[in-house]
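Each chain, letter by letter, is given below.
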Amino acid sequence: MRLILNVIWLVLCGLWMALGYVVAGVICCILIVTIPFGLASFRIAAYALWPFGRTVVDRRDAGAASTIGNVIWFVFAGLWLAIGHVLTGVALCVTIIGIPLGVANFKMIPVSLMPLGKEIVELP
């Protein structure tokens, strides 16, 4: 079931959402100072391509620097990426077959808003 949902996800919105994260990551890496944001963006791009069967958990070693970085991320990239998730989630929920995909899109909003101090892990 995960494979089927991931393939449908990839075709309908995964590729476009991942592309948004890659663009944000490239911009962050070009600016040198924001390379940690770029790396987090690339990590989330991989998650946006194939989300079913994986989840986001908090890292235990994340500290105050992650919190400060998340505030900066929220202002410059997180809000805009979260808006993309909301728009595609609503569009997917309009159809009955797209409801699981829309819910998955809504579940990605917290990590798109605050990616630092998070880790993406495989579900058993």
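Under the annotation held in an unreviewed UniProt entry, the protein chain carries the name Inner membrane component domain-containing protein and is attributed to Amycolatopsis regifaucium.

S.K.: So, the packing of aromatic side chains: which residues are in play, and what are the values?
M.R.: Tallied over the entire structure, the rule returns two aromatic pairs. Each ring, one from W9 and one from F52, has its centre 6.1 Å from the other, and the planes form 85°; the classification is edge-to-face. Of this pair, W9 sits in helix α1 (residues 2-30) while F52 sits in the loop between α2 (35-49) and β1 (54-58), and the two are 43 residues apart along the sequence. Residue class for W9 comes out buried when judged on its relative accessible area of 0%. The class for F52 is buried, based on a relative accessible area of 17%.

S.K.: Summarise the UniProt feature "transmembrane region" (unreviewed entry) in the protein chain; cite the residues concerned and give the values.
M.R.: The UniProt feature table records "transmembrane region" (unreviewed entry) at residues 30-50 and 89-106. Summarising residues 30-50: 76% helix, 0% strand, and an end-to-end C-alpha distance of 26 Å. Taken as a whole, residues 89-106 contains 72% helix and 0% strand, while its terminal C-alpha atoms sit 6 Å from one another.

S.K.: Report on the side chain of S112, specifying residues and quantitative values.
M.R.: Tracing the sequence through the fold places S112 in helix α5 (residues 109-113). Residue classification places S112 among the buried residues on the basis of a relative accessible area of 0%. At 2.8 Å, the side chain of S112 and the backbone oxygen of I109 are in polar contact. Dropping the residues within four chain positions of it, S112 is found in contact with Y21, W73, G78, L81, A82 and H85.

What counts, and at which threshold
- Residues numbered from 1 in each chain as written.
- Predicted model: local features only at pLDDT ≥ 70, side-chain atom pairs only at ≥ 80, totals over all residues.
- Heavy atoms only, no water.
- Phe/Tyr/Trp six-rings, centres within 6.5 Å; stacked < 30°, edge-to-face > 60°.
- Helix = DSSP H or I, 4+ residues; strand = E, 2+ residues; numbered from the N terminus.
- Buried < 20%, exposed > 50% of the residue type's maximum accessible area, 1.4 Å probe, protein only.
- UniProt positions renumbered as here; feature names shortened; annotations may be inferred.
- Polar contact = N/O pair within 3.5 Å; in protein donor to acceptor, adjacent residues only side chain to side chain.
- Contact = heavy atoms within 4.5 Å.

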